[in-house]
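Descriptive analysis of the structure
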Amino acid sequence: MTLQERFAPERLIATACEEAGSDDFGADGWQPGLQRLTDGLVREARLSPIGVEIAHLDVMRALKNRLGVIAWRKEKPEIAAKPITAPIFIVGQPRTGTTILYDLLAQDPDLRAPLTWEVDAPCPVPQPETYHTDPRIAAAQASIEMSEQIIPGFLAFHPMGALVGQECVRITASEFTSMIFSVQYRLPSYYRWLLYEADHAGAYRFHRIFLQHLQSGVPGQWLLKSPAHLWHLDDLLAEYPDALIVQTHRDPLNVISSIAALTHHLRRMGSDESNIAECAAQSYEEIVVGLDREMALRDAGAIPPGRVIDVLFTDFMTDPWTTIDDIYRKLGRELKPETAQKMRDFLAAHPGDGGGSRYTWSDTGLDAAEVRDRVGAYQDRYGVPTEQLR
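This section reports on the structure supplied with the text. This is a predicted model, so every value here is computed, not measured.

About the cut-offs
- Numbers given to residues run from 1 along each chain, matching the order in which its sequence is written.
- Where local features are concerned, this predicted model is filtered to residues with pLDDT of at least 70; where side-chain atom pairs are given and counted, the filter is 80 or more; whole-chain, interface and lining totals use all residues.
- By convention in this description, side-chain values take in all heavy atoms of the structure and omit both hydrogens and water.
- Only buried Ala, Val, Leu, Ile, Met, Phe, Trp, Tyr and Cys residues count toward a nonpolar core, and they belong to the same one when joined by side-chain atoms within 4.5 Å.
- When a residue's accessible area, from a 1.4 Å probe over protein chains only, is under 20% of the maximum for its type it is buried; when over 50% it is exposed; and in between it is partly exposed.
- Counting from the N terminus, the helices are DSSP H or I runs at least four residues long and the strands are E runs at least two residues long.
- In what follows, residue pairs with any heavy atoms lying within 4.5 Å of each other are defined as contacts.
- Between any two strands, at least two bridges found by DSSP are needed for them to pair.
- Axis lines are fitted through C-alpha atoms, for helices just across the contact stretch, and the angle between N-to-C directions can take any value from 0 to 180 degrees.
- Helix span, expected: 1.5 Å multiplied by one less than the number of residues in the helix.
- Regarding the arc, it is the one traced by the directions from the helix axis to the C-beta atoms.
- Under this definition, polar contacts are N or O atom pairs within 3.5 Å; protein pairs additionally need one hydrogen-donor-capable and one acceptor-capable atom, and for neighbouring residues in sequence, both atoms have to be side-chain atoms.

**Re the nonpolar core**
- Leu 41, Leu 63 and Phe 176 are the most contacted members of the largest nonpolar core, which has 59 residues in total.
- Among the elements of the structure, helix 2 (9-20), helix 3 (31-43), helix 4 (49-75), helix 10 (179-184), helix 11 (188-196), helix 14 (252-267), helix 15 (276-299) and helix 20 (376-382) are those that each provide at least two residues to this core.
- For this core, the element with the most residues is helix 4, which contributes eight residues.
- Not counting chain neighbours up to four residues away, the residues in contact with Leu 41 comprise Leu 3, Phe 7, Leu 47, Ala 55, Val 59, Tyr 185 and Leu 187.

**Structural notes on the sheet that holds strand 3 (residues 221-225)**
- Taken together, five strands build an open sheet; the order of strands is 2-3-1-4-5 and the sheet is parallel. With one partner strand each, in any of the chains shown, strand 2 (111-112) and strand 5 (308-312) form the two edges of the open sheet.
- When strand 1 (residues 88-92) meets strand 4 (residues 244-249), the two strands line up parallel, connected through five bridges. Counted as the bridge partner of Ile 90 is Val 246 from strand 4.
- Packed on one face of the sheet, helix 12 (residues 201-215) meets strand 1, strand 2 and strand 3 and runs near 130 degrees to strand 3.

**Remarks on the pairing of strand 1**
- The buried count for strand 1 comes to five of five residues, which makes it a mostly enclosed element.
- Burial along strand 1 is two-sided: Ile 88, Ile 90 and Gly 92 and Phe 89 and Val 91, pointing in opposite directions, are all buried.
- Across three bridges, strand 1 lies against strand 3 in parallel orientation. Counted as the bridge partner of Phe 89 is Leu 224 from strand 3.

**Observations regarding the side chain of Glu 175**
- Topologically, Glu 175 is positioned in the loop between helix 9 (168-172) and helix 10.
- When sequence neighbours within four positions are dropped, the list of residues in contact with Glu 175 reads Gly 29, Trp 30, Arg 66, Gly 202, Ala 203 and Phe 206.

**Topic: helix 7 (residues 135-150)**
- Along its 16 residues, helix 7 runs 23 Å from first to last C-alpha, staying within 8% of the 22 Å computed at 1.5 Å per residue.
- All buried positions along helix 7 are accounted for by Arg 136, Ile 137, Ala 140, Ile 144 and Ser 147. For helix 7, the angular spread of the buried residues around the axis is 110 degrees, confining them to a single face. In helix 7, the exposed positions that point more than 90 degrees away from the buried face belong to Pro 135, Ala 138 and Gln 149.
- A side-chain oxygen of the first residue of helix 7 lies 2.8 Å from the backbone nitrogen of Arg 136; this N-cap is Asp 134.

**Re the environment of Gln 184**
- Note on placement: Gln 184 falls in helix 10.
- Taking the relative accessible area as the measure of exposure, Gln 184 reaches 15% and is therefore buried.
- Considering only alpha carbons, one finds Gln 184 and Arg 267, 83 residues apart in sequence, at a separation of 5.2 Å.
- If we skip the residues at most four places from it in the chain, Gln 184 touches Ile 54, Asp 58, Leu 266 and Arg 267.
- For Gln 184, the side chain forms a polar contact with the side chain of Asp 58, separated by 3.2 Å.

As structure tokens, then:
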């Protein structure tokens, strides 16, 4: 079978319907993203043989998860009437502390983060009595550990686990309007479509459907995270008008070199031809567009005053507990002593390594002075300190 045949949308859709036992994908609008994604996987991604298998699994999971969620919703129509109330979204450029902040806040038993295992395999709906023993947990963990076998050191670079919170891009993958694909695979046409042309409203509509699905089994106030929300805060607030946003801020130059290195690392899982300078060029374009959009939305009054809590990466790294106390105060929440202790225990068990020598600016091939000038307005606005380049 040729690559074109393997990734033909009609073949993928037919196989997913057969395996899921359903042919109802819900509202249309996801098909253009699937077409662009599969075109890119065939023509641009430079997939290795193992990369073909990984990409095929990714697309099939997204299709079958969508089918399963819609099927359950049809069986239980009351799910659609259940609100998503005051969800908390952690956003910001990638590599700005969003993951560790998310993991720490997720230690709060009063908050509900979507865990990796249930995002990857949402059907049947997770149940409270088996939430930490479901056999899907072991399957998800095995898949994560397989990635470490393929690319040793991957989990040090981007810690993951079946029982920790997963990013929203893994949810919106089922709308095929998701940054997860353009980071994991070399897809220049797809990422530019995603950045400049795609309608993201459908992705947020499906995001709500997915959360309603999960909370029909295990309810709670949602705690969510993805740097990708930074690019589309208007669409996010259109879908969730009462959302609360925590935005992290860091020197964009070290962000660009760090995300370029991570992207290069990810792409090596499915390709033998990744180029870190190419990853950096994409990251640079995406970062400046995201920061410009976010500032423009605030200037236009599209984000209600007091809805965003700004967090400086340097402050959080220096004194995480003062930062978290401040976040709770601004959210109007009580940080209970037992919750604070859970957070401290988690951080003690997951100290991180500060990035080590995994990325350097010289690898990016970018002109530091040019980039510094381009992001100067952002740094001035939020008081983001300039870091020493690695």
